[in-house]
Amino acid sequence: TAGALYEAALKAAPDRKEAPEAAINGAFSYKQVGDYDKAIEMYRLFIDKYGDDKILTPLQKDNPAEYAERVKNLELAYRELSSAYILFFNYRSAAETLDKIASIERFAADTRKSAARNALVLYTNLGDKEKMGAAKARFLTFKPTGEDKAEADYIVAAADLRLWDQNGADTDSNKSARLKAQ
């Protein structure tokens, strides 16, 4: 009921100052009762309507306090959207959302770094080599510690290792997979 009320209020007055909060609260309400489709729809609505640079850039100049609140809610919407995708077993969309978080310079560096690492993990588990490589490259732009770099290398190497059949003949693609993982 709360989600539906927030959604109705948002649709009735999308330009009101409280509208972004209604979108976030509505999405959260839907997620709490397990209506992930509606939650995803509301998070997407918030991101599309209130996260546009054409809205944020002037707001940053004219009303820094409201801008900070909007960016905080935008970051929350993206994180919750990714989480909803994971709960819905839509790992590709979760990875894409995390990758998007990592690319938004308005967000804190720690948030972006964490999102890049998580996108790397998801793309690796999906077996998407191209996106995995791009996610790792993005992660490395955040000046990770030596331990973080080693973990990223391990994630990629483990993906390569899964392609190797230790009981198979050490020839052709199986040998290549072993060598690449090593």
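Residues numbered from 1 in each chain as written. Predicted model: local features only at pLDDT ≥ 70, side-chain atom pairs only at ≥ 80, totals over all residues. Heavy atoms only, no water.

Points about the overall build of the protein chain
So, step 1. Helix and strand counts for the protein chain come out as 10 helices and 0 strands.
So, step 2. Secondary structure elements of the protein chain occur, N-terminal to C-terminal, as α-α-α-α-α-α-α-α-α-α.
So, step 3. At 20 Å, the protein chain has a C-alpha radius of gyration far larger than the 16 Å of a compact globule built from 182 residues.
So, step 4. With the C-alpha coordinates aligned to their principal axes, the bounding extent of the protein chain is approximately 65 × 35 × 25 Å.
So, step 5. Counting across all 182 residues of the protein chain, residues that qualify as buried make up 40%.
So, step 6. Surface summary for the protein chain: the accessible area is close to 10,500 Å², and the carbon and sulfur share equals 52%.
So, step 7. In the protein chain, 28 positive and 29 negative side-chain charges are present, and the distance between their average locations comes to 3 Å. (Helix = DSSP H or I, 4+ residues; strand = E, 2+ residues; numbered from the N terminus. Rg over C-alpha atoms; globule rule 2.2 N^0.38 Å. Buried < 20%, exposed > 50% of the residue type's maximum accessible area, 1.4 Å probe, protein only. Areas by Shrake-Rupley, 256 points an atom, 1.4 Å probe, with all protein chains shown as cover. Lys, Arg positive; Asp, Glu negative; His and termini not counted. Charge placed at Lys NZ, Arg CZ, Asp CG, Glu CD.)

Details of the pattern of salt bridges
So, step 1. Per the counting criterion, the structure on display carries 13 salt bridges.
So, step 2. Of the charged contacts, one joins Glu7 and Lys38 as a salt bridge, the two residues approaching to 3.0 Å between their closest N and O atoms. Taken together, the positions of Glu7 in helix H1 (residues 2–12) and Lys38 in helix H3 (residues 36–50) put the pair 31 residues apart, joining distant regions of the chain.
So, step 3. Lys38 gets classed as partly exposed once you look at its relative accessible area, which sits at 23%.
So, step 4. The closest approach of N and O atoms between Arg79 and Glu75, which form a salt bridge, is 2.8 Å. Highlighted residues: Arg79 and Glu75, both in helix H5 (residues 64–87), separated by 4 residues, approximately one helical turn.
So, step 5. Among the charged side chains, a network of salt bridges with common partners joins Glu7, Lys38 and Glu41. (Salt bridge = Lys/Arg side-chain N within 4 Å of Asp/Glu carboxyl O.)

Focus on unusual backbone geometry
So, step 1. Backbone geometry places Phe89, a non-glycine residue, at a positive phi of 65 degrees.
So, step 2. A residue is classified by how much of its surface remains accessible, and Phe89, at 63% relative accessible area, is exposed.
So, step 3. With a phi angle near 50 degrees, Lys143 is a residue other than glycine that sits in the positive phi range.
So, step 4. Within the secondary structure, Lys143 is located in the loop between helix H8 (129–140) and helix H9 (146–162).

Observations concerning H3
So, step 1. Taking 1.5 Å of rise per residue, the 15 residues of H3 would be expected to cover 21 Å, and the 20 Å separating its terminal C-alpha atoms lies within 8% of that figure.
So, step 2. Those residues of H3 lying buried are Ala39, Ile40, Met42, Tyr43, Phe46, Ile47 and Tyr50. For H3, the arc enclosing every buried residue in end-on projection is 165 degrees, short of the 170-degree limit, so these residues lie on one face. (Expected span 1.5 Å × (residues − 1). Arc of directions from axis to C-beta.)

Looking at the packing of aromatic side chains
To describe a pair of aromatic rings, you give the distance between the ring centres and the angle between the ring planes.
So, step 1. Taken as a whole and assessed by the stated rule, the structure comprises 4 aromatic pairs.
So, step 2. Ring plane angle 40 degrees and centroid distance 5.5 Å describe the contact between Phe46 and Tyr50, whose orientation is recorded as tilted. You can see Phe46 and its partner Tyr50 sitting in helix H3, 4 residues apart, about one turn around the helix.
So, step 3. Note on Phe46: relative accessible area 0%, which makes it buried.
So, step 4. Ring centres 6.3 Å apart and planes at 80 degrees place the aromatic pair Phe89 and Tyr91 in the edge-to-face group.
So, step 5. Given a relative accessible area of 33%, Tyr91 falls into the partly exposed group. (Phe/Tyr/Trp six-rings, centres within 6.5 Å; stacked < 30°, edge-to-face > 60°.)

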